[in-house]
Amino acid sequence: MKSDWIMKALLVFVGTGLWAVALMHGASRVNAQSTAIAPVIKAQKFLLVDSNGKTVAELGALQDNGMSGNGIAFYDSQGVRRIGMGVLNDGSSGFALSDSQGKRRLVVGLDGTGNLGMMAYDAQGNIIYQKP
């Protein structure tokens, strides 16, 4: 009877140990898989959000002032687009800086043939500097 109790205790001990080893082995496999880097990730748009879920940046197809193309935009804590840069569908490229109201204040870019252009705006949206 005493040896029967010892045998059962030994089986429980060994079984528990095997179960623990199996769990640890499974956890290490999950961790190894979660740190693997995917060779390709495809999406139409990526949004970077803060800890509250508010968008702070976006990468992908963007629409801005009637122009469309692919680019990246950064937003301030109020959700206002402050910086944008990209390549437009007409072949031009550039970047724009906006004030806290979302009004463009500086635009620098290249047209489709590679000609440089720059415009600076005042707070009311009037052009104060233009270089074709």
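Here the residue numbers are simple positions, counted from 1 along each chain's written sequence. Per-residue local features of the predicted model are confined to residues with pLDDT of at least 70, and side-chain atom pairs are confined, for both listing and counting, to 80 or more; whole-chain, interface and lining totals are unaffected and use all residues. Based on all heavy atoms of the structure, the side-chain values leave hydrogens and waters out of the count.

(A) How the structure looks around a nonpolar patch on the surface. The patches described consist of residues with a relative accessible area above 30% and no salt bridge, like charges being joined within 9 Å and nonpolar side chains (Val, Leu, Ile, Met, Phe, Trp, Tyr) within 5 Å. For the accessible areas, the method is Shrake-Rupley and the probe is 1.4 Å, while residue cover comes only from the protein chains on display. Salt bridges are counted wherever a side-chain nitrogen of Lys or Arg sits within 4 Å of a carboxyl oxygen of Asp or Glu. A contiguous nonpolar patch, built from Phe 74, Ile 83, Met 85, Phe 95 and Leu 97 and spanning about 400 Å² of accessible area, is present on the exposed surface. Those elements giving two or more residues to the nonpolar patch turn out to be β4 (81-88) and β5 (93-98). You can see Leu 97 is positioned in strand β5. Exposure is judged per residue with a 1.4 Å probe applied to protein chains only, and the accessible area is read against the type maximum: over 50% gives exposed, under 20% gives buried, and values in between give partly exposed. Overall, the relative accessible area of 32% leaves Leu 97 in the partly exposed class. Secondary structure elements follow DSSP: runs of H or I no shorter than four residues count as helices, runs of E no shorter than two count as strands, and numbering proceeds from the N terminus.

(B) Representation of the pairing of β4 within the structure. In short, DSSP must find at least two bridges between two strands for them to pair. As paired strands, strand β3 (residues 67-75) and β4 are joined by 7 bridges and run antiparallel to one another. Bridging across to β4, Gly 69 finds its partner in Leu 88. In this structure, the hairpin formed by β3 and β4 is closed by a connection of 5 residues, where Gly 79 is found at a positive phi of approximately 85°. By the bridge criterion, 5 bridges tie β4 to β5 in an arrangement that is antiparallel. In the sheet register, Gly 86 faces β5, and the bridge partner there is Gly 94. Hairpin geometry of β4 and β5 is characterised by an intervening segment of 4 residues between the two adjacent antiparallel strands and by a positive phi of about 95° at Gly 91.

(C) Local environment of the side chain of Ser 92. Locating Ser 92 in the fold gives a position in the loop between β4 and β5. In protein, a polar contact requires one atom able to donate a hydrogen and another able to accept it; more generally it is a pair of N or O atoms within 3.5 Å, and residues adjacent in sequence count only if both atoms are side-chain atoms. Here Asp 90 takes part through its side chain, which lies 2.6 Å from a polar atom of the side chain of Ser 92. Between two residues, a contact is recorded if the distance between any of their heavy atoms is within 4.5 Å. Each residue touching Ser 92, except ones within four places of it in the same chain, is listed here: Gly 86, Val 87, Leu 110, Asp 111 and Gly 112.

(D) Spatial organisation of the layout of surface pockets. Note on definitions: the grid is 1 Å and covers protein atoms alone; a cavity is a set of points where a 1.4 Å probe fits but cannot get out; a pocket is an open set with protein on both sides within 12 Å along at least five of seven lines; lining residues have an atom within 4 Å of a point. Grid points are joined across faces, edges and corners, and a volume is the space filled by probe spheres set on the points. In this structure, the largest pocket spans a volume of roughly 690 Å³. Considering the residues around the largest pocket, the lining is formed by 40 residues, among which Met 67, Leu 88, Ala 96, Arg 104 and Val 107 are closest to the centre. Secondary structure elements with two or more residues in the lining of the largest pocket: β2 (55-64), β3, β4, β5, β6 (104-110), β7 (116-121) and β8 (127-131). Among the elements that make up the lining of the largest pocket, the one with the highest residue count is β4 (8 residues). Grouping the amino acids of the lining of the largest pocket by side-chain chemistry returns 17 nonpolar, 17 polar and 6 charged. Under the grouping applied here, Gly and all other residues not named as nonpolar or charged are polar, the nonpolar ones being Ala, Val, Leu, Ile, Met, Phe, Trp, Tyr, Cys and Pro and the charged ones Asp, Glu, Lys and Arg.

(E) Local environment of the pairing of β8. Across 4 bridges, the pairing between β7 and β8 is antiparallel. Directly across from Met 119, in β8, lies its bridge partner Gln 130. Taken together, β7 and the strand that follows it, β8, pair antiparallel across an intervening segment of 5 residues, in which Gly 125 is found at a positive phi of about 90°.

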